[in-house]
Amino acid sequence: MNHFELRGGELFCEDVPLARIAQAVGTPVYVYSSATLERHYTVLRDALVAHGVKDPLIAFAVKANSNVAVLRTLARLGAGADVVSEGEVRRALAAGVPPERIVFSGVGKTEAEVAFALQAGVAEINVESEPELDLVDRVAQRLGVRAQIAIRVNPDVQAGGHEKISTGKSENKFGVSFSEAERLYAKASNLAGVRPVGVACHIGSQITDLAPMAEAFAKMRGLVERLQREGLRVERLDLGGGLGVPYFNQPEPPSPDDYAAMIAETVGGLDVGLAFEPGRMIAANAGVLIAGVTHVHERPEGRRFLVLDAAMNDLIRPAMYDAYHDIRAVRPREGEARPYDVVGPVCETGDTFTRDRALPPLEPGDLVAFMTAGAYGAAMASEYNSRLLVPEVLVKGAEFAVVRPRPTYDDMLARERPAPWL
Ligand SMILES: *Cc1c(COP(=O)(O)O)cnc(C)c1O
């Protein structure tokens, strides 16, 4: 469910007409609904609690939407943060996420990043390999602290909506095998700089079938039990993110209730705290990208191009993952739907959002909204083609605020300077 609906013939975000935001801020622009963000977090937490999960740590995956206002909206509800870089640790802290709810994942954390995270007091560093375990131990000893770590396991299951977002097969770079995990956990418990607190996994993204998750989590349960039988202390099992969302042409994702029931079945009753790292499931349907129509260009042989002022640098998912986004007119005109190739102005054939999409009649100056764009949208935006970084707006009820302004061209140029010999 989300809070983007047609009212009196135009698309609103909560109680704000999207056209009003486009008028005030210009296009392209991302718009997020506070109510949808809050609802998704709350629905997941309530479903987990209803299925007997005590006090789940729901650490929002910051990479899905790293805007500080979005993070703060979730932090106020008690969300933690799953981060993958020093920049994301800093964002989470700036948003008011308490360090004891920050989980640091990622395969290539540098010494400087680990040191920063330890000084900030993050709850858990998810260690993805033996060299990384040694690195964390070394840095922690140097700083005179003890790092709480979890071992990230690669459960070797196939899952995820696209090969580029599948992370849980043994050929992927993430995590270690189960036997490695047992050995590293035992090793970690003897290191002076670390204290192993748990094990973690994350098998992929845009997962719409619970079966691979259930398979992975059952294996994780076995691992926890083996570690406990060996007399090792396991306080936390981190099950990652990955729940899919409806992108309209894809299989319906499982409901949070079905997901929570599967959690209870696979890992219920274990004497450990559970952590989750949802990203897309919280943020995707809470955001849209609004674009303006620049031209409608009809080729004599029949193709009709809808040229927008948004491009692949603003929303890269279609170019990168062949992703589908529902596209809606912000003020739909009367008339029969027609097929359009929807493209941006960037000089790449890949700058095509979709082909042959049936849309209502559109004219230059009209607005369209890319739905389900709140996750991996603005967070992946760039300035490719020297286009200004896309701004972001947060709506709450009848109010809206620009939470990342569009930079000026002077801002863009001011970041660069000539070399001394030029
Ligand atoms: C990307 C990522 C997530 C979030 O994935 P979603 O599919 O957005 O839920 C969670 N944990 C880790 C370690 C990740 O890399």
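Residues numbered from 1 in each chain as written. Predicted model: local features only at pLDDT ≥ 70, side-chain atom pairs only at ≥ 80, totals over all residues. Heavy atoms only, no water.

Peer 1: A description of the nonpolar core should follow, citing residues and the corresponding values.
Peer 2: Core analysis: the largest hydrophobic core is formed by 108 residues, its most contacted members being Ile149, Phe217, Leu237, Tyr259 and Ile263. Considering each element in turn, this core owes the most residues, eight residues, to helix α8 (residues 210-229). Residue contributions to this core reach at least three from each of two domains, namely domain 1 (4-32 + 284-414) and domain 2 (34-281). Excluding its chain neighbours within four sequence positions, the residues that come into contact with Phe217 are Cys201, Leu239, Tyr259, Met262, Ile263, Thr266 and Val267. (Core = buried A, V, L, I, M, F, W, Y, C linked by side-chain atoms within 4.5 Å. Buried < 20%, exposed > 50% of the residue type's maximum accessible area, 1.4 Å probe, protein only. Helix = DSSP H or I, 4+ residues; strand = E, 2+ residues; numbered from the N terminus. Domains from an automatic or database assignment. Contact = heavy atoms within 4.5 Å.)

Peer 1: A description of the domain arrangement of the chain should follow, citing residues and the corresponding values.
Peer 2: Assigned domains within the chain: domain 1 (4-32 + 284-414) and domain 2 (34-281). Measuring from the centre of the C-alpha atoms in domain 1 to the corresponding centre in domain 2 gives 32 Å. Between domain 1 and domain 2, the residue contacts involve 26 residues of the former and 24 residues of the latter. The contact between domain 1 and domain 2 buries some 2200 Å² in all, and 55% of this surface belongs to carbon and sulfur atoms. Three residues stand out in domain 1 for area buried against domain 2, namely Tyr321, Tyr324 and Tyr376, and they jointly supply 28% of the buried area on that side. Joining domain 1 to domain 2, the criterion identifies one salt bridge. Here Lys396 ties to Glu38 by a salt bridge, and the two come within 3.6 Å at their closest N and O atoms. The tally of links from domain 1 across to domain 2 stands at eight residue pairs in polar contact (both at pLDDT 80 or more). For the side of domain 1 that touches domain 2, the elements supplying multiple residues, two or more each, are α11 (317-321), β19 (392-396) and β20 (399-404). Take the side of domain 1 that touches domain 2: its biggest share by element is four residues, from β19. (Buried area = accessible area lost by both parts, 1.4 Å probe. Salt bridge = Lys/Arg side-chain N within 4 Å of Asp/Glu carboxyl O. Polar contact = N/O pair within 3.5 Å; in protein donor to acceptor, adjacent residues only side chain to side chain.)

Peer 1: Help me get a handle on the side chain of His325, residues and values and all.
Peer 2: Topologically, His325 is positioned in the loop between α11 and β15 (327-329). Those residues within four positions of His325 in sequence are excluded, and the remaining contacts are Tyr247, Leu315, Arg317, Pro318, Arg357, Phe370, Met371, Thr372 and Ala373.

Peer 1: Describe helix α3 (residues 68-75), listing the residues and the values that go with them.
Peer 2: Every buried residue of α3 is accounted for by Val70, Leu71, Thr73, Leu74 and Ala75. Where α3 is buried, its residues contact β4 (29-33), α2 (34-50), β5 (57-61), α4 (86-94), α10 (280-283) and β19. Taking the backbone nitrogen of Ala69 as reference, a side-chain oxygen 2.8 Å away marks Asn67 as the first, capping residue of α3.

Peer 1: Tell me what's going on with unusual backbone geometry, and back it up with residues and numbers.
Peer 2: Put simply, Thr27 and Pro28 share a cis peptide bond, and its omega is 0 degrees. Here the phi dihedral of Thr372 falls at roughly 55 degrees; this positive angle occurs in a residue that is not glycine. Tracing the sequence through the fold places Thr372 in the loop between β18 (367-370) and β19. For Thr372, a relative accessible area of 2% puts it in the buried group. Residue Tyr376 is not a glycine yet carries a positive backbone phi of 55 degrees. Among the residues examined, Tyr376 registers a relative accessible area of 10% and is labelled buried.

Peer 1: Would you mind going over the pairing of strand β12 (residues 273-276) in detail, with residue names and values included?
Peer 2: In the sheet, β5 pairs with β12 via two bridges, with the strands oriented parallel. If you follow Leu57 over to β12, its bridge partner there is Ala275. Sheet topology places strand β11 (residues 236-238) next to β12; three bridges connect them, and they run parallel. Looking at the pairing, Arg236 lines up with Gly273 of β12. (Pairing = 2+ DSSP bridges.)

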